[in-house]
Amino acid sequence: MKRALISDIHSNIEALQAVLADIRKQGATEVFCLGDVVGYGPNPRECIDEVMKANVCLLGNHDQGALFDPEGFNTGAERAIFWTRSQLENYAPGAPDGVSRWEFLGERPRSHKDGDCIYVHGSARNPLNEYVFPEDIYNRRKMEKIFALIDRCAFQGHTHVPGVFTEDFQFYSPEELNYEFVLGSEKVMINVGSVGQPRDGDPRACYAILHDGRVTFHRVEYPFEETIAKIYPIPELDNFLGDRLRDGR
Ligand code: ZN
């Protein structure tokens, strides 16, 4: 079984399509999505339609923001969430496909367990909202508390920064690992990065594959200028949301 792990698509259909094509090329037979299908980008409907085919799809904080009242977002993100909601609401009211997207989002679980691995959007402690950033390795109390809730491995997203956290307070970027990490007996948290809005300085879409106890990180080029050209004319989506795709920040 080869399982692809994708997260933080953020309504970027160009990035998602490029990643799904790469997943097929790699021969992965399962897709797990760790949340934030929508928010920030111009194609929420199209992205939801794609992830409906995934084996597992978790709720992210932006998905929850679109469903309910957004809380704790900055102004740009909040405006994007309200615009996202209007896109989901205004699409052929009463049509079965419009309704099924809402229902799909509303039914997303916050976590998924498979043996000694847990899948979440944020962290094992707070599946929806907690960030685990690389610099959190210096916050030992936080890391110890989260690791105490993990049997062996946690796969997560939310920060848009891919890499591996080990229980001895280290963080390894995919480059430092040569894009491959072998799961052992030690506890780890693995951030699979972001498909639709990478923030680690590399504009390419990011995802991971889990296969035979090995995690590999993959970067995929996609035509981000197409995404940016759709974001600019939409007043509710700040131009910055397009600009950042070019720089991967
Ligand atoms: Zn996100």
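In what follows, the structure referred to is the one given above.
Cut-offs and rules
Residues numbered from 1 in each chain as written. Predicted model: local features only at pLDDT ≥ 70, side-chain atom pairs only at ≥ 80, totals over all residues. Heavy atoms only, no water. Disulfide = S-S within 2.5 Å. Buried < 20%, exposed > 50% of the residue type's maximum accessible area, 1.4 Å probe, protein only. Helix = DSSP H or I, 4+ residues; strand = E, 2+ residues; numbered from the N terminus. Pairing = 2+ DSSP bridges. Axes fitted to C-alpha atoms, helices over the stretch in contact; angles between N-to-C directions. Contact = heavy atoms within 4.5 Å. Phe/Tyr/Trp six-rings, centres within 6.5 Å; stacked < 30°, edge-to-face > 60°. Lys NZ or Arg CZ within 6 Å of the ring centre and 35° of its normal. Core = buried A, V, L, I, M, F, W, Y, C linked by side-chain atoms within 4.5 Å. Parallel < 35°, antiparallel > 145°, perpendicular 65-115°, else oblique.

**Some points on the state of the cysteines**
And then number 1: Considering all chains together, one arrives at 1 disulfide under this definition.
And then number 2: You can see C57 has no disulfide; the closest cysteine sulfur is in C33, sitting 3.9 Å from it.
And then number 3: The exposure class assigned to C57 is buried, which follows from its relative accessible area of 3%.

**A few points about unusual backbone geometry**
And then number 1: Backbone geometry places Y40, a non-glycine residue, at a positive phi of 75°.
And then number 2: One non-glycine residue, D212, lies in the positive phi region at around 55°.
And then number 3: Checked against the element boundaries, D212 lands in the loop between strand 11 (205-211) and strand 12 (214-220).
And then number 4: According to the relative accessible area criterion, D212 is exposed, its value standing at 71%.

**Things to note about the sheet that holds strand 10 (residues 188-191)**
And then number 1: Spatially, 4-5-6-10-7-8 is the arrangement adopted by the 6 strands of the open sheet, whose pairing is mixed. The sheet is open, and its two edges are formed by strand 4 (111-114) and strand 8 (170-172), each paired on a single side. Averaged over all pairs of adjacent strands, the angle between strand axes in this sheet comes to 15°, irrespective of strand direction.
And then number 2: Of the strand pairs in this sheet, strand 4 and strand 5 (residues 117-120) are connected by 4 bridges, and their pairing is antiparallel. Each bridged residue has a counterpart across the sheet, and for H112 the counterpart in strand 5 is Y119.
And then number 3: Along the sheet face, helix 6 (residues 140-147) touches strand 7 (163-166) and strand 10 and points at about 100° away from the line of strand 10.

**Some details on the packing of aromatic side chains**
And then number 1: All chains considered together, the criterion is met by 5 aromatic pairs.
And then number 2: Ring centres 4.8 Å apart and planes at 55° place the aromatic pair F165 and F171 in the tilted group.
And then number 3: A relative accessible area of 0% places F165 in the buried class.
And then number 4: An aromatic cluster is built from F32, Y119 and F155, whose rings are joined through pairwise contacts.
And then number 5: Stacked on the ring of F104, the Lys or Arg R108 has its end atom at 3.9 Å from the ring centre.

**Here's the deal with the nonpolar core**
And then number 1: Among the nonpolar cores identified, the biggest contains 45 residues, and I6, L16 and I23 are the most heavily contacted of them.
And then number 2: Here the element with the most residues in this core is helix 1 (residues 13-26); it accounts for 7 residues.
And then number 3: Filtering out sequence-adjacent residues up to four positions away, I23 remains in contact with A4, I6, A28, V31 and Y207.
And then number 4: In this structure, F32, C117, I190 and V215 belong to the second largest nonpolar core, which totals 20 residues.

**With respect to the packing of helix 2 (residues 44-51) against helix 4 (residues 75-90)**
And then number 1: Between helix 2 and helix 4, whose axes approach to 9 Å, the crossing angle comes to 70°. In terms of orientation, helix 2 and helix 4 fall into the roughly perpendicular class. For the pair helix 2 and helix 4, the contacting residues are P44, R45 and I48 in the first and W83, T84, Q87 and L88 in the second.

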